[in-house]
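Coordinates in review
The lines below spell out each chain.
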Amino acid sequence: MQTERLKSIRNSFDQHFGGKTQIIVRAPGRVNLIGEHTDYNEGFVFPAAIDREMIVAASSNDSGTINAYSLDYDKDDSFNLSDIQHSQEQGWSNYLRGVMDTLQKGSYPLKGLNVVLSGNVPQGAGLSSSAAYEVAIVTVCNILFNLGISKKDVALLGQKAENKFVGVQCGIMDQFISALGEEDAALMIDCRTLDYKTVPLRLSASGHSIVITNSGVRRGLVDSEYNARRQECNLGTKLLSELTGRSMTSLRDATLSDLEKHSSSLPDKVRRRSAHVVSENQRVLDAATALQAGDIASFGRLMNESHISMRDDFEISCPEINVLVELSQNFPGVAGARLTGAGFGGCTVALVSNDEVERFKASVIPEYETKTSKKAEVYVCTATAGASTIERA
Ligand code: GLA
């Protein structure tokens, strides 16, 4: 599949800019196995990079102009490094604009670029197509202009572009896993220190596959609701600091016993938001231990518990996702299933025993359609390496 895409990327590059690319880079999307909305609370997450990616072909120019062609939108865009503005008309180009602006503001020496972009991470589905895009562009610049940026800083710069230029207050998880992901492994990331542990997935040994199901519900309200959750978590931190008399910088510092002790003094919504984050952090730690021990049953149970917590306490699910999770959990051979990503639509992730995957597709998709009138799509994915160079002239 990648070979075909590369062929058309090279052809478009030649048509648009004449000649060959100096570099072709890929950066993957991700699936988060467990640990949702914990990253911006300085907690733990457990994602894997997936075999869906953004590919960027590029060569540098001396005009200081960024000339871009999106193969997916069949659209061109051009802007100069001396004047990088947000574009109303060319929404797809804002990630590119944002990354170039962020690098420039970080005093990295840049030149003009000719780029062709093409991605196959479904958009608005909670699989981090935008992080893949940002990380791919930072990586292209890093290599082409010899910027010497470490992988962690590639992730942080991508996140900064999203926070400051695109305007979504996301945490670090998506860009981190897109930059540092490892083949056949998930990373248990401590979002406070940015230390991480590589946990081999070894799913073939246990006979399971990671099955992502796209609900077909595009994440609505995500920006406003996402930012609202962040504020509620900050309020939880502030109130718990006051109530416990311990200074907390984030919900990472709170414990379940703090919440139990002070539950009647916290507004109900804040208590439930905080309960999700605090319990989810513990589930991530337990899930990593379970996976390392090859205990898929416990891992699956934690995924199911995570879904309940997201649905009832953090309130980031939606009726269609709940139908999909329930159908998945009730299907034979499924160890666990949950919403993955920011929420309000998007995808579910399930661990399905290999010999049930085809039956899972044949049964869950039509049942979901009967119940919701929506068409779901299933991606059986493998865990891949983070951003890398495909070719370099
Ligand atoms: C989005 C954000 C991440 C993270 C998840 C929820 O994907 O970009 O930083 O907060 O939502 O876990």
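From N to C terminus, the chain includes 12 helices and 13 strands. Counting only C-alpha atoms, the chain reaches 65 × 50 × 40 Å along its principal axes. In the chain, buried positions account for 59% of the 393 residues. Taking as baseline every contact in the chain between residues at least 6 positions apart, the subset at least 24 positions apart corresponds to 72%. Entry remark: accessible area of the chain is about 15,800 Å², with carbon and sulfur atoms responsible for 47%. Treating the 40 positive side-chain charges of the chain as one cloud and the 48 negative ones as another, the clouds have centres 2 Å apart.

Once that is clear, we can look at the site of the ligand. In the vicinity of the ligand, the contacting residues are Arg-30, Glu-36, His-37, Asp-39, Tyr-40, Cys-170, Gly-171, Met-173, Asp-174, Tyr-226, Gly-341 and Ala-342. In this structure, His-37 approaches the ligand through a main-chain N or O atom, which is 2.7 Å from an oxygen atom. Taking Asp-39, its side chain carries an N or O atom lying 2.5 Å from an oxygen atom of the ligand. In the complex, 95% of the free accessible area of the ligand, which totals 310 Å², lies under the protein chains. When atom positions are compared with the pocket grids, the ligand is found to occupy the largest pocket. When the residues that make up the shell around the ligand are grouped by side-chain class, the tally is five nonpolar, three polar and four charged. When residues are assigned to domains, the shell around the ligand turns out to be shared by domain 1 (2-200 + 384-392) and domain 2 (203-381), each giving three or more.

Moving on, we get to the domain arrangement of the chain. A common way to state how big an interface is: give the accessible area lost once the parts meet. Each assigned domain of the chain is listed here: domain 1 (2-200 + 384-392) and domain 2 (203-381). Centre-to-centre separation of domain 1 and domain 2, based on C-alpha positions: 26 Å. Summed over both partners, the interface of domain 1 with domain 2 comes to about 3,400 Å²; 61% of that surface belongs to carbon and sulfur atoms. On the domain 1 side of the contact with domain 2, Ile-34, Glu-36 and His-37 bury the most area, a combined 19% of that side's loss. In this structure, the connection of domain 1 to domain 2 is made through three salt bridges. A salt bridge links Asp-190 to Arg-252; the shortest N-O distance between them is 2.9 Å.

Looking now at the sheet that holds strand β3 (residues 47-61). Judged by pairing direction, the sheet is mixed, and its six strands sit side by side in the order β5-β4-β6-β3-β1-β13 without closing on themselves. Here the strands that pair on one side only, and so sit at the sheet edges, are β5 (75-80) and β13 (388-392). Adjacent strand axes in the sheet meet at a mean angle of 20 degrees when their direction is disregarded. Direction of pairing for strand β1 (residues 23-32) relative to β3: antiparallel, over a ladder of nine bridges. Counterpart to Arg-26 in the pairing with β3 is Ile-55. Contacts between helix α1 (residues 2-17) and the sheet are confined to β1, β3, β4 (65-70), β5, β6 (112-119) and β13, with β6 contributing the most and set at about 145 degrees to the helix. Packed on one face of the sheet, helix α3 (residues 129-144) meets β1, β3, β6 and β13 and runs near 145 degrees to β1.

For the rest of this paragraph, the subject is the pattern of salt bridges. Scanning all chains against the criterion turns up 27 salt bridges. A salt bridge links Asp-253 to Arg-192, with the shortest nitrogen-to-oxygen separation between them at 2.9 Å. With Asp-253 in the loop between α7 (222-244) and α8 (256-262) and Arg-192 in the loop between β7 (185-190) and β8 (196-200), this residue pair connects regions lying 61 residues apart in the sequence. The shortest N-O distance in the salt bridge between Glu-232 and Lys-269 comes to 3.8 Å.

Using the criterion set out here, one finds six aromatic pairs in the structure. Considering the side-chain rings of Phe-176 and Tyr-196, the 5.6 Å spacing of their centres and the 75 degrees angle between planes classify their relative orientation as edge-to-face. Here the residue Phe-176 occupies a position in helix α5 (residues 173-180), and Tyr-196 occupies one in strand β8, the gap between them amounting to 20 residues. Classification of Tyr-196 by relative accessible area gives partly exposed; the value is 33%.

The subject of this paragraph is the side chain of Arg-338. Relative to the helices and strands, Arg-338 is located in strand β10 (residues 334-340). One polar contact links Arg-338 to Ser-306, side chain to side chain, over a distance of 3.0 Å.

End to end, α3 covers 23 Å across 16 residues, agreeing with the expected 22 Å (1.5 Å per residue, within 8%). With respect to burial, α3 is a largely interior element, 14 of its 16 residues being buried. One or two positions beyond α3, positive phi appears at Asn-146, with a value near 55 degrees.

Taken together, the three strands give an open sheet; going across it, the order is β2-β7-β8, and neighbouring strands pair in antiparallel fashion. Each edge of the open sheet carries a strand with a single partner, namely β2 (44-45) and β8. As defined by bridge partners, β2 adjoins β7 across two bridges and the pair is classed as antiparallel. By the bridge assignment, Val-45 is partnered in β7 with Ile-189. Across the sheet, α5 lies against β2, β7 and β8, angled at about 135 degrees from β7, the strand it touches most. Running at roughly 40 degrees to β8, helix α9 (residues 268-292) makes contact with β2, β7 and β8 of the sheet.

Cut-offs applied
Numbering of residues starts from 1 in each chain and follows the order in which that chain's sequence is written. Totals for whole chains, interfaces and linings use every residue, but because this is a predicted model, local features are given only for residues with pLDDT of at least 70 and side-chain atom pairs only at 80 or more, for both listing and counting. The side-chain quantities take in all heavy atoms of the structure and omit both hydrogens and water. Only DSSP runs of H or I reaching four residues or more are called helices, and only runs of E reaching two or more are called strands; each is numbered from the N terminus. For the exposure calls, accessible area comes from a 1.4 Å probe over protein chains only, and a residue counts as buried if that area is under 20% of its type's maximum, exposed if over 50%, partly exposed in between. Here a residue-residue contact requires only that any non-hydrogen atoms of the pair lie within 4.5 Å. Shrake-Rupley sampling with a 1.4 Å probe provides the accessible areas, and residues are treated as covered by the protein chains on show and by no other component. Working convention for charge: Lys and Arg count positive, Asp and Glu count negative, and His plus the chain ends are omitted. Charged side chains are reduced to one point each, which is NZ for Lys, CZ for Arg, CG for Asp and CD for Glu. The rule for a residue being near a molecule or strand is that one of its heavy atoms must lie within 4 Å of it. Polar contacts, as used here, are pairs of N or O atoms within 3.5 Å; protein pairs need one atom able to donate a hydrogen and one able to accept it. Residues neighboring in sequence count only if both atoms are side-chain atoms. In the cavity and pocket records, a cavity denotes points on a 1 Å grid over the protein atoms alone where a 1.4 Å probe fits but cannot get out, a pocket denotes an open set with protein on both sides within 12 Å along at least 5 of 7 lines, and lining residues are residues with an atom within 4 Å of a point. Think of it this way: if more than half of a molecule's atoms are within 2 Å of a pocket's grid points, that molecule is in the pocket or cavity. Any residue that is not Ala, Val, Leu, Ile, Met, Phe, Trp, Tyr, Cys, Pro, Asp, Glu, Lys or Arg is counted as polar, Gly included; the first ten are nonpolar and the last four charged. In this entry, domain limits derive from an automatic or database-based domain assignment. Accessible-area loss on putting two parts together, using a 1.4 Å probe and summing over both, is the definition of buried area adopted here. Only one rule defines a salt bridge in this text: a Lys or Arg side-chain nitrogen within 4 Å of an Asp or Glu carboxyl oxygen. The rule for pairing is simple: two strands pair if DSSP sees at least two bridges between them. Comment: axis = line fitted to C-alpha atoms, over the contacting stretch for helices; angle = value between 0 and 180 degrees taken between N-to-C directions. Note on aromatic pairs: the rings of Phe, Tyr and Trp (six-membered ring only in Trp) are paired at centre separations within 6.5 Å, and the planes decide the class, stacked below 30 degrees, edge-to-face beyond 60, tilted for the rest. Expected span, for any helix, means 1.5 Å times one less than how many residues it has.

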